[in-house]
Amino acid sequence: MELDDVHSILIIGPTSSDKNVDLSTALYDTVDILHQLGYKLSIIVENPTSLLSSGTFYDKTVVEKVTGDNVLKYVQKYHPDSILPTVGDRNALGIVSSLNGKIGETKILGPSFAASLATFKRELFIKKLTHANLPVIKFVSSDDEKEIYSFIRSIGFPIIARRRYSNRHSSGWTNINNLFELDNFMAMEDISDTKIEIERSIRGFSEYSFTILRDRYDNSSLVGTIEDIEPIGIHHLDSNLISPAVSLNDSKLQRLRNFSIKLARTFNIVGVCTVHFAYNHATNESYITEFIPRLSEETKFLEYATSYPVATAVAQLCLGYHLDKLQLDAGNYFNGATEPFVDHITSRFPQWSTNGQRYLGPSKTSNSSIVVNGFSLEEVLNKGALNDKLNNNFNRYNELRKLDDDELFEKIIHPTNWMLDVLSEAMRRNFEKPVLSEITGINMPYLTALQNIIDNSLIIREGEIDGSNVEHMVNMGVKGVGHSKLLLDSPDIVTKTVVKNKQAVSVANNDFINHNYFVTGGISNELQLSDRMKIIVRTPIITSKTDIMIRQFVLFQLAKSIDQNGLEPIIIGREPWNAPLSMRRKVVEIDDPHMEMKNLGLIKNDSVLNIIDLSKNLIETDDKRVFQFSAQELKNLKLTGGTSVRVMVVSDGENFLAPSVIYQAKRDGHLYEISSVNQFMTVEDRANISRLIKQELEDDSKVDIYNFELVKSNDHWLMTKKYRGMTNDIIRHELASSVHVIDTLVKLLLGNKIGDDLTLEKVFDNFDDKYLLTIDSKRYQLLDEEETKIELSKLRKNEN
Amino acid sequence: MKRYLILEDGTVFPGDGFGSSIITTGQLVISNNRTGIEQSVTDPNTEGQIIAFTIPSVGNSGINRDFYESINSQCKGVVIGSSSASTVNNSISFEEWITSLKIPGIKNVDVRALSKHIAEHGEMKASIMDTHDEHAIDQIKALVLPPDLVKRVSTRQSYPNPNMGLKIVIVDLGLKYSILRQLSYRDCNSIIVNYNATIEEIKNLHPDGIIFSNGPGDPKDLPKTIERIQTLQKDYPILGIGLGSLLIALANDCQIIPLPQPHHESSLAVKEVASGKIDFVNHNHSYTLDQKYIGGSDFIVTNICVADGTIEGIRHEYLPIMGVLFEPEAAPGPTDGYYVFDEFIDLIESVKQQEGIRSQWN
Amino acid sequence: MAKEIIDGQTMTRALTRITYEIIERNKGIEDLVLVGIKTRGVFVAHRIESRLKQLENISIPVAELDITPYRDDQTHEEKDISKVDAQPLGIDINNKHVILTDDVLYTGRTIRAAMDALMSAGRPKKISLAVLVDRGHRELPIRADFVGKNIPTSQREKIKVSMKEIDGEDKIEIE
């Protein structure tokens, strides 16, 4: 029985802060299913790009700063039945915990108020967990020596301690491992009003996270487990992650599973909860370090790793559906009461936008990540962290080789994002593995895996590859990479490398249809393609959050349009795409970090209609079907004027359409932009702009997208910029325009023609009634004509 | 050393040998257990089986010798994909352990392809060998697996697992030690007897309740046990686990059928019919009860498997008999099913209470 | 301070067990009716009813009983049974096996009052009693046929039963 008093839902959308992770797919899946189930949805969001759609699912889309005040204002004005904070990252939980008692009858779905608050308030977290008999790191803050010593007696060494001064500042944490160090710390001169804070030290513990789903009826299932290769102390998302947690034996796994379920029950969290643990394998101590009662990077990763539709399930659980009676889309039931079983390892490796070394610590520094799949630790390490094409490991190796042993040891003590390379170098120099494990907190199996990889590269370097070991190499993920380029000469690589489905093999797991594959070694090839013609989309690695969102958006529109035009979309990339669930079942995704698919020849050449390449630099240019999608600058005149337009043009080689024009002007010291101003343009402007574009396109005879910028100077339009391909403006064009540029492009690639002698109306045709207004490049607002005018006149008033 | 896993139907999966180098043949079973290889390998239910584990990177967690489910290993062979030579807790490695148990193993096998093959063609015999040729396949086909699996694994002599609480007699059809662990935790004073123990022998132990344990093989191979249940159930509360529950059903007008997809998975959802509560429990069975015969019997269905709707638990309508097809003792798997032991103890207590009331009134 | 002695899971399990026992001791449940004593006894009745329905696919009638007019532990001024009108049960209990349900069994006076009310509403074939908790200290010769949990208590302690339907969660506390 779902909650029968909830009909309208306000969704707290994501912020555009770079600190938050990209949850656009999860957001799309959430609203997709809720919309299909008949709920009335509204959303407060900062950047509509993250909606991945032009708002069809929403009753109201409020583009505002996502803050408690704005949520409260909305609630007081529209009185929604409920608020859903699961897709709004950490910010949404903060908002929820500030709303207690202020929102009347409006319900909070998913995490309870106490749960939201406890993710921020350490004292509440400790109190609640202690009360529920859950293992939490005990903490004392006191100026009473007696209390401090009695606390230390109760927890034993090692501990960390610091002084907190009355001005709320504090000293750094000191590690205390024995009585001697404790005496030293306590003997330091006391300033009055100083409190001493002490907690159990968990430095060097292994980190695990467990994600469970829970329905209103107290049924819980463990969706997945993740282990960090790096120990506690290095931010989870800066660590290399492995799922499932392969280093937990049965009793450890069950213990942590039971703790996770108990925690969700303690806070009465409905929906999803990820619980982080610190585990000491030497003493079998474990502690809960934090919990996340919402969708997160972890759930996104697990959804990819297990094929379990986490976001879709969580949305329904929050609304009171039973765990075993969920729907993939309206009417398509699936049994959510399953603990997904995977027979492969999925691994997430953080990426940094700069090449240098970076010290790692408790705060996150990475910009993005890549996710790879394989059947062994060696395979995922080779495809991910040690993939030379992604990380320049060969250069790292050369640089580390120059260090003397002491310098190298320094690198082992102070962890950087080169840690795995540093350890490899250390093992090449025969540093002892148990010692390395002890110092770095990285568990032995990973060091053994690194050792195997080193041994392999030795075989390759010595040229000892032959029929007896090539299969073994391929199984370990060694491909034509870095110093293993010799392998490429082996014809066996093609026959021994196959494509496997990412889906798990299990009696309980037949519901999650997807076409999500990865390239690996083995016997049977599982790639299943339809007999439709294909358009292949090749995607590059992305290293910033803004780019991730644009990529999510563009890939989704591309795949949708390819599918709707009767073709099969195939997305191949080093970094897999997290397709929304509705698309996931139609698009073939292949994660291919070594870009081997081409060599494998598994996709019949004559079934490929086009190859759309999203990378900045084309890898191959001899294939006529390759179409470069990202912008190439062809012209750039430095000329500025008060008024300018940016026009996106699609051309079939003979004629063109300009369905979306962005107008930019200054008014009273404010810079503003309006998208899709086609209808406001004068006949004269249209004629002039069209003429200029025609001139530029005279020599081109291929289907292509162009972006032009024209500046109005002395009442004349001048062509200042020209790009072939897609610029970041695509988002504004797609969001605002009723004519979808991407879809038009796909149609033209299919061979459709625009037709000769179009009238100017037809060239600039679109039938929008909403306009995207941006003032001072700050935020988008989607407004109708009347509202646009009001906003613009406001600008003037403020000035006066 | 190159070795081959050869299936009865002639399919060959190459891999690298480890553990004992003998040639072995057995029933091939695909296990989707996430953890607890120690428990599976020593589980008497796996007598005569070659187990193929589909989890990736076996052995990272180390070998825990507290996890034995019997003193000796029971399975005939182990098939894995990748394995790790070192462990998080510096115990012996997986391969060293398998070697010490003298079990033949084969690694670097494409277990994904293997498990799909078995899902399509059903469970079959298989062999781990050094060569693969026609002769080898003929040998596998010709081999008849022994029908007396229970006899091989059941304790020959009765032994006690003493405590101060209720007295439970366990008929050992292939008992897992974790059942004893659960009973000890509940203070039960247990005595374990051979599968062939007579009614007299059991009665002379004056039990408060009787457990028919899990075990390997086809329940129809144990007609005598079925007869004994028919007599004993008139006087004693009975719990059947796994094979034991199938025997209880057969003793009471039910029929059993093979599962279309055998359940060998350490975490599969089971729903309690009365309350709708979902528990994740360990499964290791290839048979279930035929729905058609339940209506005509005195059993009510107490648990069903959420994934395929098959029967997982039964209870007699008026006699104190209950049975579960899954493994409530976990080992390996989630501990959600422990409550079955509490229920059995409640059942015994409730019978005692009734008897108490009756004797007061009579 | 209140101390939780029974959590939601244990309570759920106890109710399931009571249901099994009801089935076991009544060959056929056709002539059963459940009568819950207000307030939490009614929820106990409904929970047993839903379990019976899941297990046996038979819906049995559930009635609510408000026994405030019949209580003999109220002050003498208030009590005058002859003057109160019994609330109609809404179901026929004549010749039925009535299972009375309540959350806590204590002195037995509530149950006695409930039986008075039942008798004035018809002539049941048999009356049984199912309670979630028996805490002892009976003042009348009354015993429950189905008990979720026996909890020894001192008379000074209080037992507080919370149920999801009215209190938001299932638990039993002692204070």
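- Named according to an unreviewed UniProt entry, chain C is Bifunctional protein PyrR originating from Companilactobacillus futsaii.
- Word for word, the UniProt comment on chain C under Catalytic activity (unreviewed entry) is "UMP + diphosphate = 5-phospho-alpha-D-ribose 1-diphosphate + uracil".
- Of chain C, the UniProt comment under Sequence similarities (unreviewed entry) reads exactly: "Belongs to the purine/pyrimidine phosphoribosyltransferase family. PyrR subfamily."

- As recorded in an unreviewed UniProt entry, chain B goes by the name carbamoyl-phosphate synthase (glutamine-hydrolyzing), listed as coming from Companilactobacillus futsaii.
- Turning to chain B, the UniProt annotation filed under Pathway (unreviewed entry) states: "Amino-acid biosynthesis; L-arginine biosynthesis; carbamoyl phosphate from bicarbonate: step 1/1."
- Taken from UniProt, the Sequence similarities (unreviewed entry) comment for chain B reads in full: "Belongs to the CarA family."

**What to know about the side chain of Glu339(A)**
Argument step 1. With respect to the helices and strands, the residue Glu339(A) is situated in the loop between β16 (332–334) and β17 (345–351).
Argument step 2. For Glu339(A), a relative accessible area of 4% gives the class buried.
Argument step 3. Only 2.8 Å separates the side chain of Glu339(A) from the backbone nitrogen of Leu222(A), close enough to count as a polar contact.
Argument step 4. Within the local environment of Glu339(A), its side chain forms a polar contact with the side chain of Arg257(A), the two groups lying 2.9 Å apart.
Argument step 5. Not counting residues up to four positions away in its chain, the partners in contact with Glu339(A) are Ser221(A), Leu222(A), Arg257(A), Arg34(B), Glu265(B), Ser267(B), Phe280(B) and Pro334(B).

**Some words on a nonpolar patch on the surface**
Residues and elements named next belong to chain A.
Argument step 1. Side chains of Phe 409, Ile 413, Val 435 and Ile 439 sit close together on the surface and give an oily, nonpolar patch of about 290 Å² of accessible area.
Argument step 2. Sorting the residues of the nonpolar patch by element identifies α14 (405–413) and α16 (433–440) as the ones contributing at least two each.
Argument step 3. By secondary structure assignment, the location of Ile 413 is in helix α14.
Argument step 4. On the basis of relative accessible area, Ile 413 is assigned to the partly exposed category, the value being 40%.

**Topic: the UniProt feature "domain: Carbamoyl-phosphate synthase small subunit N-terminal" (unreviewed entry) in chain B**
Argument step 1. Annotation from UniProt places "domain: Carbamoyl-phosphate synthase small subunit N-terminal" (unreviewed entry) at residues 1–129 of chain B.
Argument step 2. Secondary structure across residues 1–129 of chain B divides into 19% helix and 30% strand, with the first and last C-alpha atoms of the span separated by 11 Å.

**Re the interface of chain B and chain C**
Argument step 1. Tallying the contact residues gives 21 residues for chain B and 17 residues for chain C.
Argument step 2. Buried area between chain B and chain C, both sides added, is near 1800 Å², and the carbon and sulfur share of it is 54%.
Argument step 3. Together, Ala274(B), Ile300(B) and Glu317(B) form the three largest contributors to the area buried by chain B at its contact with chain C, with a combined 27%.
Argument step 4. Applying the counting rule to chain B against chain C returns two salt bridges.
Argument step 5. For Arg315(B), the salt bridge is made with Glu24(C), and the minimal N-O distance between the two is 3.3 Å.
Argument step 6. In this structure, the connection of chain B to chain C is made through five residue pairs in polar contact (both at pLDDT 80 or more).
Argument step 7. Put simply, the parts of the chain that give the side of chain B that touches chain C at least two residues each are β15 (299–305), β16 (311–316) and α11 (339–361) of chain B.
Argument step 8. If one sorts the elements of the side of chain B that touches chain C by residue count, α11(B) sits on top with eight residues.
Argument step 9. Tallied by class, the residues present in the side of chain B that touches chain C amount to nine nonpolar, six polar and six charged.

**Some thoughts on the domain arrangement of chain B**
Buried accessible area, meaning the area lost when the parts come together, often serves as the stated size of an interface.
Residues and elements named next belong to chain B.
Argument step 1. The domain architecture assigned to chain B consists of domain 1 (2–142) and domain 2 (149–361).
Argument step 2. Its C-alpha centre places domain 1 at a distance of 29 Å from the equivalent point of domain 2.
Argument step 3. Taken together, the two surfaces of domain 1 and domain 2 that pack against each other cover about 1700 Å², and 45% of this comes from carbon and sulfur.
Argument step 4. With its nearest N and O atoms 3.1 Å apart, the salt bridge here joins Glu 69 to Arg 181.
Argument step 5. On the surface where domain 1 and domain 2 come into contact, there are 12 residue pairs in polar contact (both at pLDDT 80 or more).

**Focus: the sheet that holds strand β7 (residues 159–162) of chain C**
Residue and element names in this part refer to chain C.
Argument step 1. What the three strands build is an open sheet, ordered β1-β8-β7; its pairing is antiparallel. Two strands bound the open sheet, and with one partner strand each, they are β1 (3–6) and β7. Recorded for the sheet is a direction-independent mean angle of 35 degrees between the axes of neighbouring strands.
Argument step 2. The pairing of β1 with strand β8 (residues 171–174) spans three bridges and is classified as antiparallel.

**Thoughts on the pattern of salt bridges**
Residues and elements named next belong to chain A.
Argument step 1. Taken as a whole, this structure holds 68 salt bridges over all chains when the rule is applied.
Argument step 2. Its salt-bridge partner being Asp 29, residue Arg 584 comes within 3.4 Å of it at the nearest N-O pair. Within this pair, whereas Arg 584 is found in helix α21 (residues 581–584), its partner Asp 29 is found in helix α1 (residues 24–36), the two being separated by 555 residues in sequence.
Argument step 3. Judged by relative accessible area, Asp 29 falls into the buried class, the value being 2%.
Argument step 4. In this structure, the salt-bridge partner of Asp 700 is Arg 724, at a minimum N-O distance of 3.1 Å. Of this pair, Asp 700 sits in the loop between α23 (683–697) and β30 (704–713) while Arg 724 sits in strand β31 (residues 716–724), and the two are 24 residues apart along the sequence.
Argument step 5. Beyond isolated ion pairs, a larger network of salt bridges with shared partners links Asp 22, Glu 297, Lys 300 and Arg 348.

**Section: the pairing of strand β14 (residues 285–292) of chain A**
Residue and element names in this part refer to chain A.
Argument step 1. The buried fraction of β14 amounts to seven of the eight residues, a majority that puts the element mostly inside the structure.
Argument step 2. Note that strand β13 (residues 271–280) and β14 share seven bridges and pair antiparallel. Directly across from Phe 277, in β14, lies its bridge partner Ile 288.
Argument step 3. A loop of four residues connects β13 with β14, the two strands running antiparallel in sequence, and Asn 284 in this loop sits at a positive phi of about 60 degrees.

**Some thoughts on the UniProt feature "short sequence motif: PRPP-binding" (unreviewed entry) in chain C**
Argument step 1. Residues annotated by UniProt as "short sequence motif: PRPP-binding" (unreviewed entry) correspond here to residues 98–110 of chain C.
Argument step 2. With 15% helix and 62% strand, the stretch residues 98–110 of chain C has end C-alpha atoms that lie 16 Å from each other.

**A short note on unusual backbone geometry**
Argument step 1. Pro158(A) follows Phe157(A) through a cis peptide bond whose omega is -5 degrees.
Argument step 2. Relative to the helices and strands, Pro158(A) resides in the loop between α6 (145–155) and β7 (159–164).
Argument step 3. In this model, Lys38(C) is joined to Thr39(C) through a cis peptide bond whose omega is 0 degrees.
Argument step 4. One non-glycine residue with positive phi stands out, namely His79(A), at about 50 degrees.
Argument step 5. On the secondary structure map, His79(A) appears in the loop between α2 (68–78) and β4 (82–84).

Criteria and cut-off values
- Residues numbered from 1 in each chain as written.
- Chains lettered and ligands numbered in written order.
- Predicted model: local features only at pLDDT ≥ 70, side-chain atom pairs only at ≥ 80, totals over all residues.
- Heavy atoms only, no water.
- UniProt positions renumbered as here; feature names shortened; annotations may be inferred.
- Helix = DSSP H or I, 4+ residues; strand = E, 2+ residues; numbered from the N terminus.
- Buried < 20%, exposed > 50% of the residue type's maximum accessible area, 1.4 Å probe, protein only.
- Polar contact = N/O pair within 3.5 Å; in protein donor to acceptor, adjacent residues only side chain to side chain.
- Contact = heavy atoms within 4.5 Å.
- Patch = residues over 30% accessible without salt bridge, like charges linked within 9 Å, V, L, I, M, F, W, Y side chains within 5 Å.
- Areas by Shrake-Rupley, 256 points an atom, 1.4 Å probe, with all protein chains shown as cover.
- Salt bridge = Lys/Arg side-chain N within 4 Å of Asp/Glu carboxyl O.
- Buried area = accessible area lost by both parts, 1.4 Å probe.
- Nonpolar A, V, L, I, M, F, W, Y, C, P; charged D, E, K, R; others polar.
- Domains from an automatic or database assignment.
- Pairing = 2+ DSSP bridges.
- Axes fitted to C-alpha atoms, helices over the stretch in contact; angles between N-to-C directions.

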